[in-house]
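Overview (structure and organization)
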Number of protein chains: 2
Amino acid sequence: MPVRGRNQSAQALSVHGRLFLIDCGEGTQYRLVEERIPMMKLDSIFLSHIHGDHVFGIFGLLSTLGMKGRQTPLNIFAPLNFGPILKFFLSYYGEGLAYEIRYTPLKMKEPETILETKSIAVQAFPLNHGIECFGFRFAEKEPPFNVHKEAIGRYGLSLTEIGTLKRGEDVIREDGTVIRADEAAYKPFAPRSYAYCSDTAPFPQEAEWLRGTTVLYHETTYQEEYADQSALRHHSTTLQAAVLASEAGVKKLLIGHYSSRSSEILSYEAECRRLFPETFATSDGDSYDI
Amino acid sequence: MPVRGRNQSAQALSVHGRLFLIDCGEGTQYRLVEERIPMMKLDSIFLSHIHGDHVFGIFGLLSTLGMKGRQTPLNIFAPLNFGPILKFFLSYYGEGLAYEIRYTPLKMKEPETILETKSIAVQAFPLNHGIECFGFRFAEKEPPFNVHKEAIGRYGLSLTEIGTLKRGEDVIREDGTVIRADEAAYKPFAPRSYAYCSDTAPFPQEAEWLRGTTVLYHETTYQEEYADQSALRHHSTTLQAAVLASEAGVKKLLIGHYSSRSSEILSYEAECRRLFPETFATSDGDSYDI
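Residues numbered from 1 in each chain as written. Chains lettered and ligands numbered in written order. Predicted model: local features only at pLDDT ≥ 70, side-chain atom pairs only at ≥ 80, totals over all residues. Heavy atoms only, no water.

This next bit is on the overall build of chain A. Scanning chain A for helices and strands turns up eleven helices and 16 strands. With the C-alpha coordinates aligned to their principal axes, the bounding extent of chain A is approximately 75 × 50 × 35 Å. Taking all 290 residues of chain A together, 52% fall into the buried category. Sequence-distant contacts, at least 24 apart, represent 61% of the contacts inside chain A between residues at least 6 apart. If you sum the accessible surface of chain A, you get close to 13,600 Å²; carbon and sulfur atoms cover 50% of it. Taking the average location of the 30 positive side-chain charges in chain A and that of its 37 negative ones, the two points are 5 Å from each other. (Helix = DSSP H or I, 4+ residues; strand = E, 2+ residues; numbered from the N terminus. Buried < 20%, exposed > 50% of the residue type's maximum accessible area, 1.4 Å probe, protein only. Contact = heavy atoms within 4.5 Å. Areas by Shrake-Rupley, 256 points an atom, 1.4 Å probe, with all protein chains shown as cover. Lys, Arg positive; Asp, Glu negative; His and termini not counted. Charge placed at Lys NZ, Arg CZ, Asp CG, Glu CD.)

At the interface, 35 residues of chain B touch 35 residues of chain A. Summing the contributions of chain B and of chain A, the shared interface buries around 3,000 Å²; its carbon and sulfur component is 63%. For chain B, the biggest contributors to the area lost against chain A are Arg 4, Glu 26 and Tyr 30 of chain B; these three give 25% of the whole. On inspection of chain B and its partner chain A, the count reaches 16 residue pairs in polar contact (both at pLDDT 80 or more). Residue assignment for the side of chain B that touches chain A shows that the elements contributing at least two residues are helix 1 (28-34), helix 2 (52-55), helix 3 (58-67) and helix 4 (83-93) of chain B. Residue contributions to the side of chain B that touches chain A peak at six residues, all from helix 4 of chain B. (Buried area = accessible area lost by both parts, 1.4 Å probe. Polar contact = N/O pair within 3.5 Å; in protein donor to acceptor, adjacent residues only side chain to side chain.)

With that out of the way, let us pick up the pairing of strand 6 (residues 112-116) of chain A. Pairing of strand 6 of chain A with strand 7 (residues 120-126) of chain A, which is carried by four bridges, proceeds in the antiparallel orientation. Note on strand 7 of chain A: the bridge partner recorded for Glu 112 of chain A is Ala 124 of chain A. (Pairing = 2+ DSSP bridges.)

Let us look at helix 11 (residues 265-273) of chain A. All names here are of chain A. Buried within helix 11 are the following residues: Ile 265, Tyr 268, Glu 269, Glu 271 and Cys 272. Viewed end-on, helix 11 has its buried residues packed into an arc of 160°, placing them on one side of the element. Turning to helix 11, the residues buried within the fold contact helix 10 (238-248), strand 15 (252-256) and strand 16 (279-281). (Arc of directions from axis to C-beta.)

Turning our eyes to something else, we now look at the relation of the copies chain B and chain A. Taken as rigid bodies, chain B and chain A are interconverted by a rotation of 180° and an axial shift of 0.0 Å, the fit giving an RMSD of 0.1 Å. Taken together, the rotation and translation describe the operation of a two-fold axis. When each C-alpha of chain B is compared by its distance to the rotation axis, Gly 27 of chain B comes out closest, at 2.7 Å. Taken as a fraction of all interface residues of chain B, those also at the interface in chain A reach 100%, which identifies the copy contact as same-surface. (Least-squares fit on C-alpha atoms with pLDDT ≥ 70 in both.)

To continue, consider a nonpolar patch on the surface. Where nonpolar side chains cluster on the molecular surface, the patch consists of Leu 239, Val 243 and Leu 275 of chain A and spans about 210 Å² of accessible area. Take Leu 239 of chain A: it is sitting in helix 10. (Patch = residues over 30% accessible without salt bridge, like charges linked within 9 Å, V, L, I, M, F, W, Y side chains within 5 Å. Salt bridge = Lys/Arg side-chain N within 4 Å of Asp/Glu carboxyl O.)

For the coordinates displayed, the defined rule picks out 40 aromatic pairs over all chains. When the centroid spacing of 6.2 Å and the interplanar angle of 50° are considered together, the rings of Tyr 92 of chain A and Tyr 93 of chain A count as tilted. Chaining the aromatic ring pairs together yields one cluster made of Phe 56, Phe 59, Phe 88, Phe 89, Tyr 92 and Tyr 93 of chain A together with Phe 56, Phe 59, Phe 88, Phe 89, Tyr 92 and Tyr 93 of chain B. In this structure, Arg 192 of chain A packs its charged tip against the face of Phe 189 of chain A, placed 4.6 Å from the ring centre. We note Arg 273 of chain B situated over the ring of Phe 280 of chain B; from NZ or CZ to the ring centre the distance is 5.2 Å. (Phe/Tyr/Trp six-rings, centres within 6.5 Å; stacked < 30°, edge-to-face > 60°. Lys NZ or Arg CZ within 6 Å of the ring centre and 35° of its normal.)

Attention shifts here to the sheet that holds strand 5 (residues 101-106) of chain A. Residue and element names in this part refer to chain A. Spatially, five strands are ordered 1-2-3-4-5 in an open sheet, and the strand pairing comes out mixed. A strand with exactly one partner marks an edge of an open sheet, and here the two such strands are strand 1 (11-15) and strand 5. For this sheet, the mean angle separating the axes of adjacent strands, direction not counted, is 20°. Contacts between helix 3 (residues 58-67) and the sheet are confined to strand 2 (18-22), strand 3 (42-46), strand 4 (74-79) and strand 5, with strand 4 contributing the most and set at about 165° to the helix. (Axes fitted to C-alpha atoms, helices over the stretch in contact; angles between N-to-C directions.)

Residue and element names in this part refer to chain A. Across six bridges, strand 4 lies against strand 5 in parallel orientation. Within strand 5, the position partnered with Asn 75 by the bridge is Arg 102. Each parallel crossover has a hand, and the one from strand 4 via helix 4 (residues 83-93) to strand 5 is right-handed. (Right-handed = clockwise from strand over helix to strand, strands pointing away.)

Such coordinate-based values are descriptive only and should not be taken to indicate function.
Dropping the structure here:
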C-alpha cells in the first residue's frame, strides 16, 4: 500500500552495458525519469509476479516507450499468468507501439537460465509466495584472462600468443620456451552476482540456489514480532532473510518491501544485523555498486 | 509522457461533504497520500476517457481501497469502453475486494445528469478527442432560503412560519399580517459550478454547454505555435481555451495537461491571459476554492 516517500517495487540493474528492470510497480516510469535512468535503453524487464505493487507500472512504461518512438524489441520475462494481462493491454493500448515485445513466460520448478550473453547469465527460479512468483539471479561469467602489459614487451608476444594466454593456456614456443599463463596473465575480476527475491516466504532450497551470490536483495516485509502474519501472507521476516544470507554465504544483504505499517526501516536493518552484519536497508533512489 | 515534477491527470473535488476523483492517471494513489486527501472517503470516480495518462492509476487505487478494508460502495462513471478494462481487472485482482464497484457507462450525445443529491447535480457531456471522451460539470442547486435571526425574534416566528419563509414563500397570518420572504429571508450563496474538460479539441456546442460555469478546468496541451499538432491530436491550444472561457462567460479558467515537451507553464498562462485575464496555470498539488 502506498506510503509517503516509499514507492512500490522496481529496481534498475546496469550490467556490462545492458540495462535491466526488475519489477515495475506503479509510478516506475516516473522514478526512472527522476533518477535519470534512460528508459529507452531498457533491454529486458523481469517481473517476479503479478501482484499490483510489482506490475501496475508496466502499462504506463510500455505506452511511454511507444510514444517516445521505440523500435528496438523489448524482452519481458514474467510468470505464465502475466500472459493474459499483457495480451489484454496490447489489445487496448498496443496499436501505436512500433516495437516488438518478446514475452517469455516463466514456469520452471528449478533454477533455469533464461537469458545469456557473452559476459552474463540470468537465472530464474521459483519462490514461495502462494502465487506464481520467481526470483532472478544475474551472474557474471568467468572473464577471459588479461595479459600483463609489461609481459608483452618482455617476451615480445605475438597476437597469437596473446590469444593463447587470454584463454588461460601456456605458450610453448618452437625453441622450447614456456611462457606460463599464471605468470603473464591475470583475471581482471572475480565474477560477481546479484540476486532478487521478492516476494517469498523461506523455502528449503533457497540457500542452495543462492549459494555464493555477491549481493542479495531479499524482501523483509515484516519484523520478527510479526512472524505469524509474515507466514500467513507468504512473506519473510528480518531474521529469516538474515539466516538465509548467512547460510547462502552471500557477501551483502539488501532488504526492502517493508510493510506499509512500519515507518522505521532502520529497525529492520538492526534486526538483520544482529545475525548478518552486512545488511543494508534500502530506500527509494538508493544505488549500490556490486 | 512523464515529466519530472508533473504527474498525470487527476483532480480531487470536495463538494458539500462529498469527495470526488476526476481522472486517475498513474500514481494518483500516491498523490492522494502526499496531499493528505482521504482516499477511503472517495464517493465517486469520474473518468473522462481510457487513455493511459487518465486511467492507469485506477488499478492500484481500487486494490489499495480493498486492502484498506473498504466496504462502502464506490461509483465509477466512465465511457463504455472502460467496461471491459474494469471487467478484466476484476477477474484478475477483484477477489479480495469487499466493496461494490458501481460502474455507470457513459454514452450520451448531449449533456445528461449522471448523479444528483439534495445539493448538487453532476452532468456528463461528450468531448471531441477522437475517442470516447467526456467532460463533467458539477453544479450546486439553488440553496433554500435562510431566515434572518433578528426576524425570528422581531416577528416571533413559529416553526411552521420559518418553514414557509425557507421555501421562499410569504407568511400570511390569520390577522392579515404579511411577513415577506424577500425581507425576512435570504439566499446564503449563489450556486457555484465547476467543469472539467480534458482531453478535447474545440467543438461547436462547447461554450453553450459550459455557459455560466463558475470555474472551468480546460486542457491546453499546446501553445498557439503548435496549433497544427493540436488539431491533429484532438487537443486544444491556449487561445482556443481562452476563447471558450470568454464565450461561455465563466468566471475563472484553470489550464493544464501541458505537452511533455514544454517546461514553461507560465507562458501557457500568459497566452491565455491576453484574451482571458482570469486564467491560472495549474501545477501538481495546487488547490482552488470555487
